[in-house]
Amino acid sequence: MPTSSASTPDSAKSAGGGGVQSLERAFDLLERMADAGGEVGLSELSATSGLPLPTIHRLMRTLVACGYVRQQPNRRYALGPRLIRLGESASRLLGTWARPYLARLVEETGETANMALLDGDEVVYVAQVPSKHSMRMFTEVGRRVLPHSTGVGKALLSAVPDDEVRALLTRTGMPAATDKTITTPEEYLTALAEVRRQGYAVDDNEQEIGVRCLAVCVPESPTAAAISISGPAGRVTDAATEKIVPVLQQVALELSEALASSGA
């Protein structure tokens, strides 16, 4: 999973290149809040950012006034509702922008290609290019699913520490979509270890009987993202997997490089 700018001490930052320091600091605080789960106290922000409390308090008052942050009854600060609209618009644009890369996946593999993001505790599909075959998986853009039963979910959570994965699974539960769905945290963590070892994730009839999905993370993506191909199990065989995975990994790398060069 990409490291946000919140990992860089404020003292190491500058407003060079014509940047506005107060804007840089405000966005840095928002990213730190996101990294902390969406809700923090001023003392926590001061400890991690290195900024003095009066500066943080002034920035947070401005963000609250704009609706990007809200103050809780317990005096802690939480990410605000106006960020939702920005995030949804950015996700749609990212999905649209990624479509040429998904189209190349379809051309080279013959199967439906998808892009998905981790949004809170759910996976949301933001882009898709369908296969030309009459039999294909119909995962529509905008669909939200729990990550434990999908290939993209496994790919995304493979970049998350095990203790955070356990906490997520506790919040969401692990309902079975099919009799192949993994439904225990221990088995799921074992599956994630295999994803990390082999460099790709497999959904083998776990979300939908008769459908297999292969997925990889988009490295260094500005937000946690994965791409995948999905199709009938009779076509996405072990032999086909050996040919498809390198294509998936190459396209993910090229997509990552394009995102980096665009400043996304």
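Note that the structure is a prediction, hence the values are computed from the model and not measured.

Criteria and thresholds
- Residues numbered from 1 in each chain as written.
- Predicted model: local features only at pLDDT ≥ 70, side-chain atom pairs only at ≥ 80, totals over all residues.
- Heavy atoms only, no water.
- 1 Å grid on protein atoms, 1.4 Å probe; cavity = no way out; pocket = protein on both sides within 12 Å on 5 of 7 lines; lining within 4 Å.
- Points joined across faces, edges and corners; volume = space filled by probe spheres on them.
- Helix = DSSP H or I, 4+ residues; strand = E, 2+ residues; numbered from the N terminus.
- Nonpolar A, V, L, I, M, F, W, Y, C, P; charged D, E, K, R; others polar.
- Axes fitted to C-alpha atoms, helices over the stretch in contact; angles between N-to-C directions.
- Parallel < 35°, antiparallel > 145°, perpendicular 65-115°, else oblique.
- Left-handed = near helix turned anticlockwise from the far one by under 90°.
- Contact = heavy atoms within 4.5 Å.
- Pairing = 2+ DSSP bridges.
- Expected span 1.5 Å × (residues − 1).
- Buried < 20%, exposed > 50% of the residue type's maximum accessible area, 1.4 Å probe, protein only.
- Arc of directions from axis to C-beta.
- Core = buried A, V, L, I, M, F, W, Y, C linked by side-chain atoms within 4.5 Å.

(A) Spotlight on the layout of surface pockets. In this structure, the second largest pocket encloses a volume near 220 Å³. Taken together, 13 residues make up the lining of the second largest pocket; nearest its centre are Ser22, Leu23, Ala26, Thr62 and Leu63. Contributions of two or more residues to the lining of the second largest pocket are made by α1 (21–35), α3 (53–66) and α4 (82–109). Taken together, the residues of the lining of the second largest pocket sort by class into 10 nonpolar, two polar and one charged.

(B) Geometry of the packing of helix α6 (residues 162–172) against helix α7 (residues 185–198). Here α6 crosses α7 at 135°, and the two axes come no closer than 11 Å. The angle between α6 and α7 falls in the class oblique. α6 and α7 meet at a crossing whose hand is right-handed. In contact with Asp162, Val165, Arg166 and Leu169 of α6, α7 contributes Pro185, Glu186, Tyr188, Leu189, Leu192 and Arg196.

(C) Seen up close, the sheet that holds strand β2 (residues 69–71). Pairing is antiparallel in the open sheet, where three strands are placed in the order β1-β3-β2. The strands lining the two open edges of the sheet, one partner per strand, are β1 (39–40) and β2. Looking at chain direction, β1 and strand β3 (residues 77–79) are connected through two bridges and run antiparallel. Bridging from a neighbouring strand, Val40 pairs with Tyr77 of β3. On the sheet, α3 packs against β2 and β3 and is oriented at approximately 105° with respect to β2.

(D) Quick look at α7. For α7, spanning 14 residues, the distance from its first C-alpha to its last is 20 Å, which sits close to the expected 20 Å at 1.5 Å a residue. For α7, the set of buried residues is Tyr188, Leu189, Ala191, Leu192 and Val195. Down the axis of α7, the buried set is contained in an arc of 155°. They therefore lie on one face. When the buried face of α7 is taken as reference, the exposed residues oriented beyond 90 degrees from it are Thr190 and Arg197. Tucked into the core, α7 has its buried residues touching α5 (151–157), α6 and β7 (201–204). Positive phi shows up at Gly199, right after α7, with a value of about 85°.

(E) Summary view of the side chain of Thr150. On the secondary structure map, Thr150 appears in the loop between β6 (144–145) and α5. Look past the residues within four positions of Thr150 in its chain and what remains in contact with it is Tyr125, Val145, Asp203 and Gln207.

(F) Quick peek at the nonpolar core. Core analysis: the biggest nonpolar cluster contains 29 residues, and Leu102, Leu105, Met115, Leu214, Ile227 and Leu248 have the highest contact counts within it. For this core, the elements supplying multiple residues, two or more each, are α4, β4 (112–119), β5 (122–129), β8 (211–217), β9 (225–232) and α8 (238–262). Among the elements that line this core, the one with the most residues is α8, at nine residues. Within the second largest apolar cluster, 24 residues are counted, among which are Val165, Ala201, Ala224 and Ala226.

(G) Focus on the environment of Arg76. Assignment of secondary structure puts Arg76 in the loop between β2 and β3. We classify Arg76 as partly exposed; its relative accessible area is 26%. Arg76 has contacts with Glu39, Val40, Gly41, Glu44, Arg70 and Gln71, leaving out every residue within four places of it along the chain.

(H) Up close: the sheet that holds β4. What the six strands build is an open sheet, ordered β6-β5-β4-β9-β8-β7; its pairing is antiparallel. For this open sheet the edge positions go to β6 and β7, each flanked by a neighbour on one side alone. Bridge count for β8 against β9 is seven bridges, and the pairing is antiparallel. Within β9, the position partnered with Arg212 by the bridge is Gly231.

(I) α1, seen in detail. Across its 15 residues, α1 extends 21 Å between first and last C-alpha, which sits within 8% of the 21 Å expected from 1.5 Å per residue. Buried residues of α1: Arg25, Ala26, Asp28, Leu29, Leu30, Arg32 and Met33, and no others. Immediately downstream of α1, the backbone of Gly37 shows phi near 100°, a positive value.

(J) Seen up close, the packing of helix α2 (residues 42–49) against α3. Interhelical geometry of α2 versus α3 gives an angle of 120° and a closest axis separation of 10 Å. Where α2 crosses over α3, the handedness of that crossing is right-handed. Where α2 abuts α3, its residues Leu42, Ser43, Leu45, Ser46 and Ser49 lie against Leu53, Ile56, His57 and Met60. Grouping the amino acids of the contact of α2 with α3 by side-chain chemistry returns five nonpolar, four polar and no charged.

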